[in-house]
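Listed below are the residues making up each chain.
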Amino acid sequence: MKCKIVALGIVALTMISAVTETHSQTVSALVKPISSKYDVEIDKLISKMTLEEKIGMLHGNSMFSTGGVKRLGIPELKMADGPLGVREEISRDNWSSAGWTNDFATYYPASGALAATWNTKMAYTFGNSVGQELRARGKDMLLSPAINIVRTPLGGRTYEYLTEDPFLNKKMAVQLVTGLQKNDVMACIKHFAANNQETNRDFYDVQMDERTLREIYLPAFEAAIKEAKAYSIMGAYNKFRGEYLCENDYMLNQILRNEWGFKGIVVSDWAAVHSTVKSLKNGLDIEMGTPKPFNEFFLADKLIAAVKAGEISEAEIDIHVKRILRTLFQVKAMGAKDRVKGSIATEAHYQDAYKIAAESVVLLKNENNALPLKLAGIKSIAVIGNNATKKNALGGFGAGVKTKREITPLEGLKNRLPASIKINYAEGYLERYEEKKSGKLGDITLSGPVTIDQLDPVKLQEAIEAAKNSDMVIIFAGSNRDYETEASDRRNLKLPFGQEELIKKILEVNPKTIVVFIGGAPFDIDEIDKKTSAMVWSWFNGSEGGNALADVLLGNVNPSGKLPWTMPKNINESPAHATNSFPGDKTLTYNEGILVGYRWFDTKKIEPLYPFGYGLSYTNFSINNFTTDKTSYGKGETIRVKCTIKNTGSRYGAEVAQLYVSDPVCSVLRPDKELKAFEKVFLKPGESKTIELTIKVADLAFYDETKKGWNVETGEFVLHMGNSSRNISKSVKISVK
């Protein structure tokens, strides 16, 4: 198999690969499960607490903290948002800024970018770096990562999630949580669970079969709990099978605590609580919320009254208080003097952000080797698009970062291009929105932005003139965090603000045009794909995003990103939409079942625009000598797979070996193939490396609803080695006996 893939300029890529080598510690060596060694001390503390003090610990006493008991040395539990880095300090009783001058932080690439690295070491780097910043801000809990499955390309929080695949999802999540919690802080993994859209998120009721729940929507949460020992988890807004997820006995008690052995604390999403006694008995520990008097929360004065009325015992309250105290001891907020101090907005952390960004950029198309840019004889470059200067650390409804450094794409090019090359910048399109209009139930844009998609004639002409008068053009298109945002989903896959028309008109006057998309979720770019020779996909990519992107375009860094989701040709081919199960109304049935993302496209033989796992490089790779250690395995054994990856091109780069498995004869429907292992390999020109990937036979199982458990049926399985779900170099058959 030959495929174009990543390679950096030798210096830049060596720097990135070096950081991956420094993380040699295993997850098991770093994981510290919540300890019961403090229980005697905790019981003594609880015995001295009043009912009011206990209940004060079970709800917010500010926007991002719960009550402490100062007289007993129990501190507040202090939280911070953190999908892109540690959020600026918020006022204690409202969403406005606290006005601090020392809460600037590093802006890290969004989770979609992190997943696109296909490098678990980068996930560890992300978690460790953010964890240090969280401690420097004096916090105990990061309200992150969000590890929900990307079910629809229209999801407003797709940029904040990792991927459409449960295996890639859990592998990245485990390393992120491990890296984070080594810094004496808690990860709060969210949003548990089946929370996959923003439309009607406060009340929609998800209905899905048990197999779909177990195979698709729970694996990352389970791995984060069992393998990374996450200390906290956030209950979602929506209902699941008729019961709100912050008071869902099946999810919080039966699965999370009884099956998985979770010992940590369950925190509500903000204003996601709907009851007092039921919430506590069904597994919630802490209620957080939006601005209103904190004593009016369900787990505040109402809970005090419920205890006094005999509706719930004080012994039940003690259970939840004990869980909170255990986590406070675990992260050394109590009872220790050697807690990690942390550091924030340092050059080392900016470099962490750079390394992730550099590995995340995906080369979608590169006809005639248009990239990297060849600057010989080039005197001028037109840089076109609002996204060349748009900043995304802040914006939209979701949590952002107040940062002193955010390098835009235009700034990155200015930093990297020779001074002799003139940059002709033109905005090209205006980022404009209609005034919000009232909507009906189920309206996707009920609270979200509606774009104005007509081009401004003056801006268009400026862009055309810049393109005409330049040797080549780079268009920065796509989205931003004001458009892709929490609390609303996108209306469609169209590029907003008239960008498709702009790109077509620029290509007419200067065919030497590179199109760079910046966004968190797929767009309908089929027509643009047909007309341009080179396309690059980047992300909301952190403080150093512009420098990383410029390095990729100029060849200082060889792109190695792989798509963490499928890019469809049109929205109606995507599973949730093809089955008419998005956005739903009060009830939302996941009609596609287990066929989420590439599972749907591959099983239904639908050709996507770009498949899951896809990404080109400035060099070429071959994957050969694909073998298994045996041809037949017992159900308790491990399959060991080897293959040799060779860099057959002329640049240093990286390839991602992706191992998929098929079960062609089964008593239930299985997807065409499922990702079961992967490894990113960095190679010099001409260098080859033999790698070994392992799969436990038990991981070939499907969830058997009749047996209420996992089932590996005997018979034949097919292992596929490739570099995307659609580019398979070789397949090998094995049998399970």
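Basis of the calculations
- In this convention, every chain numbers its residues from 1, walking through the sequence in written order.
- Residues qualify for local features only when their pLDDT is at least 70, as the model is predicted, and side-chain atom pairs are given and counted only at 80 or more; totals for whole chains, interfaces and linings, by contrast, use all residues.
- Excluding hydrogens and water, the side-chain values take into account all heavy atoms of the structure.
- Every helix listed is a DSSP run of H or I at least four residues long, and every strand listed is a run of E at least two residues long, numbered separately from the N terminus.
- Based on C-alpha atoms, the radius of gyration is set beside the globule rule, defined as 2.2 Å times the residue count to the power 0.38.
- Note on areas: Shrake-Rupley, 1.4 Å probe, and residue coverage restricted to the protein chains presented here.
- For the charge count, each Lys or Arg is scored as positive and each Asp or Glu as negative, with His and the chain ends excluded.
- The location of each charge is read from NZ of Lys, CZ of Arg, CG of Asp or CD of Glu.
- Partly exposed describes any residue whose relative accessible area lies between the buried limit of under 20% and the exposed limit of over 50%, with all areas from a 1.4 Å probe on protein chains only and scaled to the type maximum.
- Throughout, a contact is declared for two residues whenever any of their heavy atoms are within 4.5 Å.
- The term salt bridge refers to a side-chain nitrogen of Lys or Arg lying within 4 Å of a carboxyl oxygen of Asp or Glu.
- As a per-residue quantity, pLDDT reports the predictor's confidence and falls between 0 and 100.
- Between any two strands, pairing holds if DSSP finds at least two bridges.
- All axes are obtained by fitting lines to C-alpha atoms, using only the stretch in contact for helices, and the reported angles, taken between N-to-C directions, cover 0 to 180 degrees.
- Only centres within 6.5 Å qualify two rings of Phe, Tyr or Trp (six-membered ring in Trp) as a pair; their planes then separate them into stacked at under 30 degrees, edge-to-face at over 60, and tilted for everything else.
- We count a charge as sitting over a ring when the NZ of a lysine or the CZ of an arginine lies within 6 Å of the ring centre and within 35 degrees of the ring normal.
- Multiplying 1.5 Å by the residue count of a helix minus one yields the expected span of that helix.

### Some points on the overall build of the protein chain
Helix and strand counts for the protein chain come out as 21 helices and 28 strands. Its C-alpha radius of gyration of 26 Å places the protein chain within 12% of the 27 Å reference for a compact globule of 737 residues. Principal axes of the C-alpha set define a box for the protein chain whose edges measure 80 × 65 × 50 Å. Total accessible area on the protein chain is roughly 25600 Å²; 48% of this is exposed by carbon and sulfur atoms. Averaging the positions of the 95 positive and the 88 negative side-chain charges in the protein chain gives two centres separated by 4 Å.

### Brief notes about the side chain of N711
Relative to the elements of secondary structure, N711 occurs in strand β26 (residues 709–711). With a relative accessible area of 10%, N711 lands in the buried category. Among all residues touching N711, those that are not within four sequence positions of it are A701, F702 and D704.

### So, unusual backbone geometry
A cis amide bond links K190 to the next residue, H191, at an omega of -5°. Locating H191 in the fold gives a position in strand β6 (residues 186–192). Residue K332 is not a glycine yet carries a positive backbone phi of 65°. Within the secondary structure layout, K332 lies in the loop between α13 (314–330) and α14 (347–360). Even without a glycine there, the phi angle at A487 is positive, about 80°. Topologically, A487 is positioned in the loop between β15 (472–478) and α17 (499–509).

### Overview of the pattern of salt bridges
Once the charged atoms of two side chains with opposite charge are near each other, the side chains can pair. Under the defined criterion, the tally for this structure stands at 53 salt bridges. Taking the shortest distance from any N to any O, the salt bridge between E592 and R151 comes out at 2.6 Å. Placement of E592 in the loop between β18 (587–589) and α21 (598–603) and of R151 in the loop between β5 (141–143) and α7 (166–181) is noted, with a sequence separation of 441 residues between them. In this structure, E592 and R151 share a single accessibility class: buried.

### Here we look at the confidence of the model for the protein chain
Mean pLDDT over the protein chain stands at 94; residues scoring 70 or higher make up 94%. Note on residues 1–25: pLDDT under 50 across the span, and 99 contacts to partners over four residues away in sequence or across chains. When the criterion is pLDDT under 50, residues 438–445 qualifies, and its contacts beyond four places in sequence or with other chains add up to 20 contacts.

### Overview of the sheet that holds strand β13 (residues 380–384)
Read across the sheet, 6 strands follow the order β12-β17-β16-β15-β13-β14 without closing on themselves; strand pairing throughout is mixed. At either end of the open sheet lies a strand with only one pairing partner, and these are β12 (362–366) and β14 (422–426). Averaged over all adjacent pairs, the angle separating strand axes in this sheet is 20°, with direction ignored. Pairing between strand β16 (residues 513–518) and strand β17 (residues 534–538): 5 bridges, direction parallel. The partner of V516 across the bridge, within β17, is V536.

### A short note on the packing of aromatic side chains
Applying the stated criterion to the full structure yields 24 aromatic pairs. Centroid distance W537 to W565: 5.6 Å. Interplanar angle 85°. Geometry classified as edge-to-face. Placement of the pair is W537 in strand β17 and W565 in the loop between α19 (545–554) and α20 (575–578), with a sequence separation of 28 residues. In this structure, W537 and W565 share a single accessibility class: buried. Three or more aromatic residues joined by ring pairs form one cluster here, namely W118, F167, Y598, F612, Y660 and F678. Just above the ring of Y590 sits the side chain of R151; from NZ or CZ to the centre is 3.8 Å. Looking at K404, its charged tip hangs above the ring of F104, at a distance of 4.9 Å from the centre.

### Re the sheet that holds β18
Either a parallel or an antiparallel arrangement is found when strands of a sheet pair, and the pairing is made through backbone hydrogen bonds. The sheet built from 4 strands is open, its strands ordered β10-β9-β7-β18 with mixed pairing. Edge positions in the open sheet fall to β10 (243–244) and β18, since each of these has one partner strand only. In the sheet, strand β7 (residues 205–207) pairs with β18 via 3 bridges, with the strands oriented parallel. Within β18, the position partnered with V206 by the bridge is L588.

### Looking at α13
Its 17 residues place the ends of α13 24 Å apart at the C-alpha level, agreeing with the 24 Å of an ideal helix rising 1.5 Å per residue. Most of α13 sits inside the fold, with 12 of its 17 residues counted as buried. Burial in α13 covers these residues: E316, I317, H320, V321, R323, I324, L325, R326, T327, L328, F329 and Q330. In the stretch just after α13, K332 is the one whose phi turns positive, near 65°.

### A look at the pairing of strand β21 (residues 638–647)
If a strand is regular, its side chains alternate between the two faces of the sheet. Sheet topology note: the strand β19 (residues 619–628)/β21 ladder contains 6 bridges and is antiparallel. Considered in β21, the bridge of S622 is made with K646. Pairing of β21 with strand β24 (residues 688–696), which is carried by 9 bridges, proceeds in the antiparallel orientation. Among the inter-strand pairings, C643 is bridged to a residue of β24, identified as I691.

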